[in-house]
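So the chains spell out like this:
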Amino acid sequence: GESVGLHLPTLSVQEGDNSIINCAYSNSASDYFIWYKQESGKGPQFIIDIRSNMDKRQGQRVTVLLNKTVKHLSLQIAATQPGDSAVYFCAEKGGSEKLVFGKGTKLTVNP
Amino acid sequence: SAVISQKPSRDICQRGTSLTIQCQVDSQVTMMFWYRQQPGQSLTLIATANQGSEATYESGFVIDKFPISRPNLTFSTLTVSNMSPEDSSIYLCSGQTGGAYEQYFGPGTRLTVT
């Protein structure tokens, strides 16, 4: 069945450093991937998405990389700021409109 | 994008009672979904709310426990029936516009059952 997981449950970085959050997925038929940021007490907030016909997509300070060969997804945050502290979820969609969420990585940015 | 609101934002309920959560979207969306998120956990899909017809439930969730309505393209409700402490969780709704893949989420409803 479909499942999405994360390599690391927590990540701590210094302010100004780059952050890399990883995600593994198991469904090779998944054709759409999305990253969400969830701050404490709030709902998930869309960050960036990527379709399976792409390897890389860039947004403002964020980049998503997709490696379909090893079924791996990563979110890179440049010049990490204290406001980036949150839990980050990857999610995949394959063959239906339903999103399957990974376990989440808690990012802590130290001043 | 769509802006989604939920009511109530939180509630404390006694076991055996029911609570109805409302979800309002500021624009028409093709699809609406309801999720549950246990504290410190990921999101689990409860069901897809279908306009004008019965919701489509995921494995482990049933209509008698989580009845859902969706009378139009911008509004849906989720009822948590005959609550027990195990139902204590965050309940989130999301919307997805036609032709797009991304889902936008409401702020969630924090439910505590005592």
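Since we're looking at a predicted model, the values are computed, not measured. (Residues numbered from 1 in each chain as written. Chains lettered and ligands numbered in written order. Predicted model: local features only at pLDDT ≥ 70, side-chain atom pairs only at ≥ 80, totals over all residues. Heavy atoms only, no water.)

Considerations on the overall build of chain B
Okay, step 1: Scanning chain B from terminus to terminus reveals 0 helices and 11 strands.
Okay, step 2: Each helix (α) and strand (β) of chain B, taken in turn from the N terminus, gives the series β-β-β-β-β-β-β-β-β-β-β.
Okay, step 3: Whereas a compact globule of 114 residues would reach a radius of gyration of roughly 13 Å, chain B reaches 13 Å, a difference of no more than 12%.
Okay, step 4: Seen through its principal axes, chain B has C-alpha atoms that stretch 40 × 25 × 20 Å.
Okay, step 5: Within the span of chain B, comprising 114 residues, buried residues form 52% of the whole.
Okay, step 6: Restricting the contact set of chain B to residue pairs at least 6 apart, pairs at least 24 apart contribute 54%.
Okay, step 7: Here chain B displays about 5300 Å² of accessible surface, and carbon together with sulfur accounts for 47% of that area. (Helix = DSSP H or I, 4+ residues; strand = E, 2+ residues; numbered from the N terminus. Rg over C-alpha atoms; globule rule 2.2 N^0.38 Å. Buried < 20%, exposed > 50% of the residue type's maximum accessible area, 1.4 Å probe, protein only. Contact = heavy atoms within 4.5 Å. Areas by Shrake-Rupley, 256 points an atom, 1.4 Å probe, with all protein chains shown as cover.)

Some remarks on the overall build of chain A
Okay, step 1: Across its full length, chain A holds 0 helices and 11 strands.
Okay, step 2: If you list the helices and strands of chain A from N to C, you get β-β-β-β-β-β-β-β-β-β-β.
Okay, step 3: In terms of overall dimensions, chain A is globule-like: its C-alpha atoms have a radius of gyration of 13 Å, near the 13 Å expected for 111 residues.
Okay, step 4: With 111 residues in all, chain A has 44% of them scored as buried.
Okay, step 5: Contacts spanning at least 24 positions in sequence make up 53% of the contacts within chain A whose residues lie at least 6 apart.
Okay, step 6: Per element, the accessible surface of chain A, about 5400 Å² overall, is 47% carbon and sulfur.

Considering the interface of chain A and chain B
Think of interface size as the accessible area that goes away when the parts come together; that is how it is often given.
Okay, step 1: Contacts between the two partners involve 19 residues from chain A and, on the opposite side, 19 residues from chain B.
Okay, step 2: When the buried surface of chain A facing chain B is broken down by residue, A:Glu97, A:Lys98 and A:Phe101 rank first, second and third, together holding 30% of it.
Okay, step 3: Residues A:Lys98 and B:Glu58 are paired through a salt bridge, measuring 3.1 Å at the closest nitrogen-oxygen approach.
Okay, step 4: When residues of the side of chain A that touches chain B are traced back to their parent elements, those giving at least two are β4 (32-38), β5 (45-51) and β9 (86-93) of chain A.
Okay, step 5: Here the side of chain A that touches chain B gets 4 residues from one element, more than from any other, and that element is β4(A). (Buried area = accessible area lost by both parts, 1.4 Å probe. Salt bridge = Lys/Arg side-chain N within 4 Å of Asp/Glu carboxyl O.)

Things to note about the side chain of B:Asp87
Residue and element names in this part refer to chain B.
Okay, step 1: Considering the arrangement of structural elements, one finds Asp87 in the loop between β8 (75-80) and β9 (89-96).
Okay, step 2: On the accessibility criterion, Asp87 (5% relative accessible area) is buried.
Okay, step 3: Leave out the neighbours within four places in its chain, and Asp87 touches Arg36, Lys65, Phe66, Val80, Asn82, Leu111 and Val113.

Section: the packing of aromatic side chains
Okay, step 1: Taken as a whole, this structure holds 10 aromatic pairs over all chains when the rule is applied.
Okay, step 2: Relative to A:Phe33, the ring of A:Tyr25 has its centre 4.6 Å away and its plane inclined at 50°; by these criteria the two rings are tilted. Like A:Tyr25, the residue A:Phe33 is buried in the burial classification.
Okay, step 3: Between B:Phe66 and B:Tyr91, the ring centres sit 6.5 Å apart and the planes meet at 40°, which makes this aromatic pair tilted. Of the two residues, B:Phe66 is situated in the loop between β6 (56-57) and β7 (68-72) and B:Tyr91 in strand β9; the sequence distance between them amounts to 25 residues.
Okay, step 4: Taking the relative accessible area as the measure of exposure, B:Phe66 reaches 4% and is therefore buried.
Okay, step 5: Relative accessible area serves as the criterion here: at 0%, B:Tyr91 is assigned to the buried category.
Okay, step 6: The structure contains a cluster of three or more aromatic residues connected by ring pairs, namely A:Tyr36, A:Phe89, A:Phe101, B:Tyr35 and B:Phe105. (Phe/Tyr/Trp six-rings, centres within 6.5 Å; stacked < 30°, edge-to-face > 60°.)

Quick notes on the pattern of salt bridges
All names here are of chain A.
Okay, step 1: One pass over the structure, following the stated rule, counts 6 salt bridges over all chains.
Okay, step 2: For the salt bridge of Arg57 with Asp49, the shortest nitrogen-to-oxygen distance reads 2.2 Å.
Okay, step 3: Note that Arg61 is salt-bridged to Asp84, the shortest N-O span being 2.9 Å. In this pair, Arg61 is assigned in the loop between β6 (56-58) and β7 (62-67) and Asp84 in the loop between β8 (72-77) and β9, connecting sequence segments 23 residues apart.
Okay, step 4: Judged by relative accessible area, Arg61 falls into the partly exposed class, the value being 29%.

Structural notes on the state of the cysteines
Okay, step 1: According to the stated counting rule, one finds 2 disulfides over all chains in the structure shown.
Okay, step 2: Note on cysteine connectivity: A:Cys23 is disulfide-linked to A:Cys90, with sulfurs 1.8 Å apart. Its S-S torsion of about 55° marks the bond between A:Cys23 and A:Cys90 as right-handed, since a negative value means left-handed. Placement of A:Cys23 in strand β3 (residues 19-25) and of A:Cys90 in strand β9 is noted, with a sequence separation of 67 residues between them.
Okay, step 3: In this structure A:Cys23 comes out as buried when scored by relative accessible area, which is 1%.
Okay, step 4: Paired by a disulfide, B:Cys23 and B:Cys93 hold their sulfur atoms 1.9 Å apart. Residues B:Cys23 and B:Cys93 are joined through a disulfide that is right-handed, its torsion about the S-S bond being 75°. Of this pair, B:Cys23 sits in strand β3 (residues 19-25) while B:Cys93 sits in strand β9, placing them 70 residues apart in sequence. As far as burial versus exposure is concerned, B:Cys23 and B:Cys93 are alike and both buried.
Okay, step 5: No disulfide involves B:Cys13; its sulfur sits 17 Å from that of B:Cys93, the nearest cysteine. (Disulfide = S-S within 2.5 Å.)

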